[in-house]
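# Reading the structure
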Amino acid sequence: MTTTLGISAFFHDSAACLVRDGRIIAAAQEERFSRIKHDAGFPESAIRYCFDAAKISPGDLDHVVFYEKPIRKFDRLMESFLATAPRSLRPFTTAMPSWIKGKLNLRKTLRRRLDQVAGDGRRYGGKIHFVDHHLTHAASAAWTCPWPNAAVLVCDAVGEWATTSLGWSDGQQIQLTHQLRYPHSLGLLYSAFTYFCGFTVNSGEYKLMGLAAYGTPKYAQTIESKLLNIASDGSFRLNQEFFGFVDSLKMTNQRFADVFDQTPRRADEPITDFHRDLAASIQKVTEDILLRTAKHLHRLHAADVLCIAGGVALNGKANGRLMVETPFRKIYVPPAPGDAGGAVGAALLIDRASVNDAAVGDRAISQYSMQNACLGPVYDSQQSSQELRKIGASFRSLTDDALIDEVARRLANGQVVGWMDGPMEFGPRAVGRRSILADPRGEDVRDRMNKAIKFREPFRPFAPVVLADRVTEYFQVSGDFESPWMSFIVPVKAAAGIAPAIIHADGTARVQTLTRDQNPKLYRLIQRFDRLTGCPMLVNTSFNVKDEPIVASPVDAYRCFRKSGMDCCVIQNHLLDKRESC
Ligand SMILES: [Fe+2]
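Residues numbered from 1 in each chain as written. Predicted model: local features only at pLDDT ≥ 70, side-chain atom pairs only at ≥ 80, totals over all residues. Heavy atoms only, no water.

## Section: the overall build of the chain
Helix and strand counts for the chain stand at 21 helices and 21 strands. Against the globule reference of 25 Å for 582 residues, the chain gives a C-alpha radius of gyration of 23 Å, in line with a compact fold. If you line up the chain on its principal axes, its C-alpha atoms span 65 × 60 × 45 Å. Relative to its full complement of 582 residues, the chain shows a buried share of 61%. Accessible surface computed for the chain: about 22,300 Å², of which carbon and sulfur atoms make up 49%. (Helix = DSSP H or I, 4+ residues; strand = E, 2+ residues; numbered from the N terminus. Rg over C-alpha atoms; globule rule 2.2 N^0.38 Å. Buried < 20%, exposed > 50% of the residue type's maximum accessible area, 1.4 Å probe, protein only. Areas by Shrake-Rupley, 256 points an atom, 1.4 Å probe, with all protein chains shown as cover.)

## Remarks on the coordination of the iron ion
For the iron ion, the protein coordination sphere consists of His 133 (NE2), His 137 (NE2), Asp 156 (OD) and Asp 339 (OD), at 2.1 to 2.3 Å. Note that the iron ion binds 4 donor atoms; their angles at the metal cover 88 to 171°, and the shape is irregular. We note that the donor set of the iron ion lies within a single chain, spaced as H-x3-H-x18-D-x182-D. Of this pair, His 137 sits in helix α6 (residues 133-142) while Asp 156 sits in the loop between β6 (150-155) and β7 (162-169), placing them 19 residues apart in sequence. For the pair His 137 and Asp 156, one class covers both residues: buried. (Donors = N, O, S within 2.8 Å, 3.2 Å for Na, K, Ca; no water. Tetrahedral: all angles 85-135°; square planar, octahedral: opposite > 155°, others 65-115°.)

## Brief notes about the pattern of salt bridges
Applying the stated rule across the entire model yields 35 salt bridges. In this structure, Glu 325 engages Arg 321 in a salt bridge whose closest nitrogen and oxygen atoms are separated by 2.8 Å. Residue Glu 325 and its partner Arg 321 are located together in helix α12 (residues 316-325), separated by 4 residues, close to a single helical turn. For Glu 325, a relative accessible area of 33% gives the class partly exposed. Assessed through its relative accessible area of 22%, Arg 321 is described here as partly exposed. Between Arg 460 and Glu 457 there is a salt bridge, with the nearest N and O atoms lying 3.1 Å from each other. Judged by its relative accessible area of 13%, Glu 457 falls in the buried class. (Salt bridge = Lys/Arg side-chain N within 4 Å of Asp/Glu carboxyl O.)

## Let's talk about empty space enclosed by the protein
Under the criterion given, the structure shown has 3 cavities of 30 Å³ or more. Counted as a void, the largest cavity has a volume near 70 Å³. Taken together, 11 residues form the lining of the largest cavity, with Asn 372, Val 431, Gln 512, Leu 514 and Gln 518 sitting closest to its centre. Classifying every residue of the lining of the largest cavity gives 5 nonpolar, 5 polar and 1 charged. (1 Å grid on protein atoms, 1.4 Å probe; cavity = no way out; pocket = protein on both sides within 12 Å on 5 of 7 lines; lining within 4 Å. Points joined across faces, edges and corners; volume = space filled by probe spheres on them. Nonpolar A, V, L, I, M, F, W, Y, C, P; charged D, E, K, R; others polar.)

## Points about the UniProt feature "domain: Carbamoyltransferase C-terminal" (unreviewed entry) in the chain
Per the UniProt record, "domain: Carbamoyltransferase C-terminal" (unreviewed entry) is found at residues 408-578. A helix fraction of 25% and a strand fraction of 23% characterise residues 408-578, whose end C-alpha atoms lie 17 Å from each other. (UniProt positions renumbered as here; feature names shortened; annotations may be inferred.)

## Looking at unusual backbone geometry
Omega for the bond connecting Tyr 182 with Pro 183 falls within 30 degrees of zero, at 10°, which places this linkage in the cis form. For Pro 183, the position within the fold is in the loop between β8 (174-181) and α7 (186-196). Within the chain, Lys 55 stands out as a residue other than glycine whose phi angle is a positive 55°. Structurally, the position occupied by Lys 55 is in the loop between α2 (44-54) and β4 (63-66). By relative accessible area, which is 74% here, Lys 55 ends up exposed.

So this is what it looks like as structure tokens:
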């Protein structure tokens, strides 16, 4: 038996993943436990959870692996600083303390932190591995994908040096054959516009994508002609004259602002048509680059399936276009395509490297561990009721049938329902384990949810969770379309007019398809709702409020429920009503 712990940490979205003999046993992001959004620290709580789930301690591990190679990353930082000195003195002096303090000797840091987790128990005495960052992204997609032969596209801000990697996987090995290198980065380009429009880099990219639907891409030509130089194969060069991320602490500089004759928006300043149009423009440029890149990849490595990972794979609008405008017949995006997923990919890489060729085939079992991404902690009915009683919450405990009946009725009457059921999802999307659900039929549902439930910007869209066998009635997708993790934004059909809350300003929706196997209880709830209303879908948004991580425990869920405008909340089979429990 081989047990491997994968760790991603010290940049953003720290996470841990435990793999045993090819099967992903557990995976979780540190933010869910620490309650710090995008927590970048050592994922101690996530690691403890992984050990609890597998009933092991650090001394039982065979391998520990980190999701990038720090020395190569340091090499990139040094080369970039030297190439731009003395302008880059400030970013250099800002970055150095953390490298000197721990990142340069990460092996020692990781071992010390793992020893702390072991406490008085058996410590981990084996090797600490470091693997190529883009390879971890590639493995997190290709080796959790249900189809073994695939072309692989990795695209993020930057790994060690690579910013875009192209390659293939046959289910047993992965080869990344072509790459684009820093500073020419699609992820950093998108983040530069995220910054310029007044959103936080590395978390506000969703907001920029949501805003794009309200604008027209009138600056796309300007971006393509002045800020970058795109080749027909999708590779490009960023004109560094306009960007600040190499030689300053800002993403863009004065010359960038001069191109648009605007200053960067501060977070508290109003969003104007300029920002909407700029968002639409960079979204279009991003989609066009990805389309060219994917078409080129198909020429290099023809396959029916394209696996995508890296932070850029969270761009559902681009994924939707890749699905219909490239020769690939299937697009697979893992549930955590960003850096948290690097912990999964790293663990899978070392797990596979630890066995001989004959045994590699058995490792394919990991393909199915990701079917519903339910790799996080679960609190059963008894644990949940104990936790709720401890904090003095009032609730009623119901059978599944009674609960589904009552919740479907409440939803049909316009109530907004917190829904915590089963193991926590891995990845940034809540797909029905830690969700807030609502009736999508009301014209005012989106405004009410943004304002009173999530406390977030009015332009943010809401996604539908729809019964998989009914998806083609409402969305322009093929019959075999699957989107279990809301990875694709697709056009809606006229029939979706019954559910205005899930239609974005540009007539699209970020669809989650749901089969009975993926989540039987939620499937039955939507069926029941459909019988009451004739609408086989619900609004599904993550169980959190603005700037907070998605809830993990019953106590987190209760606190979030109390401070938001939700009407009632389900925690396992317990129903909490705002009027009774607050
Ligand atoms: Fe990455």
